[in-house]
Amino acid sequence: MQCKQSQWLTQWQEFTDKELFLFQDWIYPNTLESLRGKRVLECGCGGGQHTNFMAPYAAEITAVDLNTVTVARERNAAWKNVRFADADIASMRLGKYDVVISIGVIHHTDNPDATFANLVEHLAKGGKIIIWVYSREGNFLVRRVVEPLRRVFLSRLPPKALRAAAIFLTALIYPAVYTVYRLPFRGLPYYEYFQNFRRLGFNRNLLNVYDKINAPQVDFISRERIKRWFADKRLRDVQITPYKGVSWRAYATMNG
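Anyway, here's the lowdown on the structure attached to this text. Since the structure is predicted, the reported quantities are computational estimates derived from the model, not experimental observations.

The subject of this paragraph is the sheet that holds strand E1 (residues 39-43). Strand order in this open sheet of seven strands is E3-E2-E1-E4-E5-E7-E6, and the pairing throughout is mixed. Edge positions in the open sheet fall to strand E3 (82-86) and strand E6 (235-243), since each of these has one partner strand only. Averaged over all pairs of adjacent strands, the angle between their axes in this sheet comes to 15°, without regard to strand direction. Pairing between E1 and strand E4 (residues 97-103): three bridges, direction parallel. Opposite Val40, over in E4, you have Val99 as the bridge partner. Sheet strands in contact with helix H2 (residues 20-27) are E4, strand E5 (123-134), E6 and strand E7 (247-254), and its direction is about 115° off that of E4. Taken strand by strand, helix H5 (residues 112-120) contacts E1, E4, E5, E6 and E7, and its axis lies near 150° from that of E5.

With the rule as written, the count across this model stands at 13 salt bridges. Between Glu60 and Arg39 there is a salt bridge; the shortest N-O distance is 3.5 Å. Taken as a pair, Glu60 in strand E2 (residues 60-65) and Arg39 in strand E1 lie far apart in primary sequence, 21 residues in all. In this structure, the salt-bridge partner of Asp232 is Arg234, at a minimum N-O distance of 2.8 Å. With relative accessibility at 23%, the residue Asp232 sits in the partly exposed group.

Before going further, it helps to spend a moment on a nonpolar patch on the surface. A grouping of Phe140, Leu141 and Val145 is seen on the molecular surface, where their side chains present a nonpolar patch of about 280 Å² in accessible area. With respect to the element layout, Leu141 can be found in helix H6 (residues 140-152). Looking at Leu141, the relative accessible area reads 38%, which means it is partly exposed.

Looking now at the nonpolar core. One finds Phe23, Val40, Met54, Ile61, Phe84, Ile101 and Ile103 to be the most contacted residues of the largest nonpolar core, which totals 39 residues. Considering each element in turn, this core owes the most residues, five residues, to H2. If we skip the residues at most four places from it in the chain, Phe84 touches Cys45, Thr51, Ala63, Val69, Ala72, Arg73 and Asn76. One finds Ala85, Phe116, Trp229 and Leu235 within the second-largest nonpolar core, a separate group that totals 27 residues.

Attention now goes to the side chain of Ser102. Within the secondary structure, Ser102 sits in strand E4. Among the polar contacts made by the side chain of Ser102, one reaches the main-chain carbonyl oxygen of Cys43 at a distance of 2.9 Å. With near-sequence residues (within four places) excluded, Ser102 lies in contact with Cys43, Ile89, Leu119, Ile130, Ile131 and Trp132.

Residues other than glycine predominantly adopt negative phi, and peptide bonds predominantly adopt the trans conformation. Looking along the chain, the bond that leaves Tyr28 and enters Pro29 is cis, with omega of 10°. Considering the arrangement of structural elements, one finds Pro29 in the loop between H2 and E1. Not every positive phi belongs to a glycine, and Lys244 is a case in point at roughly 55°. Along the chain, Lys244 turns up in the loop between E6 and E7.

The next point concerns the packing of aromatic side chains. Applying the stated criterion across every chain yields a total of 16 aromatic pairs. Consider the rings of Phe23 and Phe53, whose centres lie 5.7 Å apart with planes at 45°: the pair is tilted. Pair noted here: Phe23 is in helix H2 and Phe53 is in helix H3 (residues 49-54), with a separation of 30 residues, a long-range link. Lying across the ring of Tyr97, Arg39 places its NZ or CZ 4.6 Å from the centre. When the ring centre of Phe21 is taken as reference, the NZ or CZ atom of Arg199 above it lies at 3.8 Å.

The terminal C-alpha atoms of helix H7 (residues 159-177) lie 27 Å apart, and with 19 residues this matches the ideal 27 Å at 1.5 Å per residue to within 8%. Every buried residue of H7 is accounted for by Leu162, Ala165, Ala166, Thr170, Tyr174 and Val177. Buried positions along H7 lie against helix H8 (193-199) and helix H9 (202-214).

Further remarks concern the side chain of Thr253. Mapped onto the fold, Thr253 is located in strand E7. Looking at Thr253, the relative accessible area reads 8%, which means it is buried. Each residue touching Thr253, except ones within four places of it in the same chain, is listed here: Gly126, Gly127, Lys128, Arg234, Leu235, Arg236 and Asp237.

Procedures and definitions
- Note that residues are indexed from 1 along each chain, following the sequence as it is written.
- For this predicted model, a pLDDT threshold of at least 70 governs which residues receive local features, and a threshold of 80 or more governs which side-chain atom pairs are given and counted, while totals over whole chains, interfaces and linings are taken from all residues.
- The side-chain numbers reported here are obtained from all heavy atoms of the structure, hydrogens and water having been left aside.
- A pair of strands is treated as paired once DSSP finds two or more bridges between them.
- Runs of H or I in DSSP of at least four residues are treated as helices and runs of E of at least two as strands, each being numbered from the N terminus.
- Comment: axis = line fitted to C-alpha atoms, over the contacting stretch for helices; angle = value between 0 and 180 degrees taken between N-to-C directions.
- We call two residues in contact when some of their heavy atoms are within 4.5 Å.
- The term salt bridge refers to a side-chain nitrogen of Lys or Arg lying within 4 Å of a carboxyl oxygen of Asp or Glu.
- Only protein chains enter the area calculation, which uses a 1.4 Å probe; residues under 20% of their type maximum are buried, those over 50% are exposed, and those in between are partly exposed.
- Exposure above 30% relative accessible area and no salt bridge define the residues that can form patches, which grow by joining like charges within 9 Å and nonpolar side chains of Val, Leu, Ile, Met, Phe, Trp and Tyr within 5 Å.
- All accessibility values rest on the Shrake-Rupley procedure with a 1.4 Å probe; residue burial counts only the protein chains present in the view.
- We define the nonpolar core as a collection of buried residues of types Ala, Val, Leu, Ile, Met, Phe, Trp, Tyr and Cys that are connected through side-chain atoms lying within 4.5 Å of one another.
- Polar contacts here mean pairs of N or O atoms no more than 3.5 Å apart (in protein, one a potential hydrogen donor and the other a potential acceptor; neighbouring residues in sequence count only if both atoms are side-chain atoms).
- Pairing of aromatic rings covers Phe, Tyr and Trp, the last counted by its six-membered ring, and requires centre-to-centre distances within 6.5 Å; plane angles under 30 degrees mean stacked, over 60 mean edge-to-face, and any other angle means tilted.
- Any Lys NZ or Arg CZ found within 6 Å of a ring centre and within 35 degrees of that ring's normal is scored as a charge over the ring.
- Expected helix span is given by 1.5 Å per residue-to-residue step, counting one fewer step than there are residues.

What follows is the structure in structure tokens.
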């Protein structure tokens, strides 16, 4: 049973995310249009940014989060086809849906394996599950440097100090991203990832950095592990692809 974690509420009260292209990349080859007329279960809605992208297309959305429903509900008040549930996505029982989607959340839960399995249980026959998670592959520096620093030091900082640290770290990254990482040295760590960094404004890059040092926990998912998740015999048309060398995007359809 996941416990409430105040860090997420603080994060989504502080930040917004309006970068549609990222969401479209993370759900690819699925599209927003493919959600038209569907009953969607959004698992881990955060500040409601992805809810807002999907609402014009979906017939209805149930957006679930254990920590940030108040923020997401306020930011999506105009949508009459969206309802919110304050629940743990690892143990919720909310019925069956045409689309179950979870973007950037499963790897932050206590037990990602159990969480994914519970999401599958919410698929209607012929329904589709779409997820995006951090990969173990390609994230050596975050796993071995950032995560220990977060656990030992950064997690003890008050929110204002943590935000100041994130601003400093974000600014520190910029010189390399716009010099060395413009050269054709594809073997550099995070080479693909920093291509997106150059497409985003400072505040959105700040959110990326803040998320890395604010998250109470993270479990990086290996290729073999995500393949085991999708080995469920009830799932067909499985597709798992790497994204920017640091994450996995995956989807499948429930038999029936």
